[in-house]
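Observations on chain architecture
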Amino acid sequence: MVIINTVGCVAVEVDMGSATSWGRHPGRAWLVRLRRGDRSVIVAWGLSDVAAEHVAERITDLLGGAGLGCSQQRRAGGGGWG
């Protein structure tokens, strides 16, 4: 799992699907999840890693645009944003 951003108490995650990826091409097995505490909702699945990161970034922008301060950003491999 990769936490793309945490806005307030909501984490925007990009993850390799498990049940959602069965029968899919490995390159289209990524999902985007919103998590708050022990509750979560998958908002997109069957995506490439690039598409999943793009969706997560757009959601982050939307949540941040509502005046909620961004408290953390990170990406797997240490690259990307800081």
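Cut-offs and rules
Residues numbered from 1 in each chain as written. Predicted model: local features only at pLDDT ≥ 70, side-chain atom pairs only at ≥ 80, totals over all residues. Heavy atoms only, no water. Core = buried A, V, L, I, M, F, W, Y, C linked by side-chain atoms within 4.5 Å. Buried < 20%, exposed > 50% of the residue type's maximum accessible area, 1.4 Å probe, protein only. Helix = DSSP H or I, 4+ residues; strand = E, 2+ residues; numbered from the N terminus. Salt bridge = Lys/Arg side-chain N within 4 Å of Asp/Glu carboxyl O. Pairing = 2+ DSSP bridges. Polar contact = N/O pair within 3.5 Å; in protein donor to acceptor, adjacent residues only side chain to side chain.

This part is about the nonpolar core. One finds Val-12, Val-14, Val-32, Ala-44, Leu-47, Ala-52, Ala-56 and Ile-59 forming the largest nonpolar core, which totals 8 residues. When contributions to this core are tallied by element, the ones reaching two or more residues are β2 (10–16), β4 (39–47) and α1 (49–65). Examining the composition of this core, we find that 3 residues originate from one element, α1, more than from any other.

Inspection of the entire model under this criterion finds 3 salt bridges. Residues Asp-15 and Arg-33 are paired through a salt bridge, measuring 3.4 Å at the closest nitrogen-oxygen approach. In this pair, Asp-15 sits in strand β2 while Arg-33 sits in strand β3 (residues 30–36), placing the two residues 18 residues apart along the sequence. The exposure classification of Asp-15 matches that of Arg-33, with both residues buried. Through salt bridges with shared partners, one network takes in Glu-13, Asp-15, Arg-33 and Arg-35.

Let's shift gears to the pairing of β2. Counting buried positions over the 7 residues of β2 gives 5, a clear majority of the element. Direction of pairing for β2 relative to β3: antiparallel, over a ladder of 6 bridges. When the bridges of β3 are listed, Val-14 appears paired with Val-32.

In this section: the side chain of Glu-13. With respect to the helices and strands, Glu-13 occurs in strand β2. Exposure remark for Glu-13: the relative accessible area of 2% places this residue in the buried category. Here the side chain of Glu-13 touches Arg-35 through a polar contact of 2.9 Å, side chain to side chain.

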